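Chain by chain, the residues:
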Amino acid sequence: MRTTLGMSMQQLGNKLSVTKQGILDIEKREKDGSITLKSLRELGRVLDMELVYGFVPKDGSLEALIEKKALELASKIVLHTSNTTKSEDQENSKERIEKAIQERAEDIKNKMPKILWN
């Protein structure tokens, strides 16, 4: 952020009451992922910015993440049941299995059981 703002290490150091070496150390810790939230908050404060910290699902939204996990769990359950019935010569059609997976996934999403996250 410092370089984006066109701020020198000395200028930022003055705002934080640290030396240029102190800024180098902070930037190194930030680069290698070992900087603390406390340090980031302090940097934000002196830059007149607010630290925003959180997790963002890789699929783009929490709903998409839940949908993905529900479909995975539903597939395991339905396919396990389908394999059991297959061995008993009661095999289901592919369409029926897909429908069962979708229905089970909806049920899972509505109930949000803890097993969803295993």
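In this numbering scheme, every chain counts its residues from 1 along its sequence in written order. With the structure being a predicted model, the display of local features is reserved for residues of pLDDT at least 70 and the display and counting of side-chain atom pairs for 80 or more, all residues being used for whole-chain, interface and lining totals. Derived side-chain values reflect all non-hydrogen atoms in the structure, with water molecules and hydrogen atoms excluded from consideration.

Asks: Explain the side chain of Arg2 residue by residue, including any values.
Replies: We count a stretch as a helix when DSSP gives it H or I for four or more residues in a row; a strand needs E for two or more, and each element gets its number in order from the N terminus. Within the secondary structure layout, Arg2 lies in the segment before helix 1 (9-16). Type-normalised accessible area, obtained with a 1.4 Å probe on protein chains alone, sets the label of each residue: buried when under 20%, exposed when over 50%, and partly exposed for intermediate values. A residue is classified by how much of its surface remains accessible, and Arg2, at 13% relative accessible area, is buried. Here a polar contact is recorded for every N or O atom pair within 3.5 Å, except that within protein the pair must consist of a potential hydrogen donor and a potential acceptor, and residues adjacent in sequence are included only if both atoms are side-chain atoms. Looking at Arg2, its side chain comes within polar contact range of the side chain of Glu27, at 2.5 Å.

Asks: Can you tell me about the pattern of salt bridges, naming the residues and giving the values?
Replies: We define a salt bridge as a contact between a side-chain nitrogen of Lys or Arg and a carboxyl oxygen of Asp or Glu at a distance within 4 Å. Tallying each qualifying case throughout the model produces 7 salt bridges. With a closest N to O distance of 2.5 Å, Arg45 and Glu42 form a salt bridge. Of this pair, Arg45 and Glu42 both sit in helix 3 (residues 37-46), 3 residues apart, which is roughly one turn of that helix. A relative accessible area of 54% means that Arg45 is categorised as exposed.

Asks: Explain helix 5 (residues 94-111) residue by residue, including any values.
Replies: Under the 1.5 Å per step criterion, the end-to-end length of helix 5 is 26 Å for 18 residues, consistent within 8% with the ideal 26 Å. Residues Ile97, Ile101, Ala105 and Ile108 constitute the buried set of helix 5. The buried residues of helix 5 occupy an angular sector of 75° when the element is viewed end-on, so they sit on one face. Exposed and facing more than 90 degrees away from the buried side of helix 5 are Glu95, Arg96, Lys99 and Asn110. Two residues or fewer after helix 5 comes Met112, characterised by a positive phi angle close to 45°. By this rule the span expected of a helix is its residue count minus one, scaled by 1.5 Å. Directions drawn from the helix axis to the C-beta atoms are what define this arc.

Asks: Outline the packing of helix 1 against helix 3, supporting the account with residue identities and numerical values.
Replies: Note on geometry: axes are lines fitted to C-alpha atoms, helical ones only across the stretch in contact, with angles between N-to-C directions running from 0 to 180 degrees. Running from N to C, helix 1 and helix 3 cross one another at 100°; their axes reach a closest spacing of 10 Å. It follows that helix 1 is roughly perpendicular to helix 3 by the angle criterion. Residues Leu12, Lys15 and Leu16 of helix 1 pack against Glu42, Leu43 and Val46 of helix 3. Put simply, Ala, Val, Leu, Ile, Met, Phe, Trp, Tyr, Cys and Pro go in the nonpolar bin, Asp, Glu, Lys and Arg in the charged bin, and everything else, Gly too, in the polar bin. In terms of residue class, the contact of helix 1 with helix 3 is built from 4 nonpolar, no polar and 2 charged. If an angle is under 35 degrees, it is roughly parallel; if it is over 145, roughly antiparallel; if it lies from 65 to 115, roughly perpendicular; otherwise it is oblique. Residue contacts are counted whenever heavy atoms from the two residues lie within 4.5 Å of one another.

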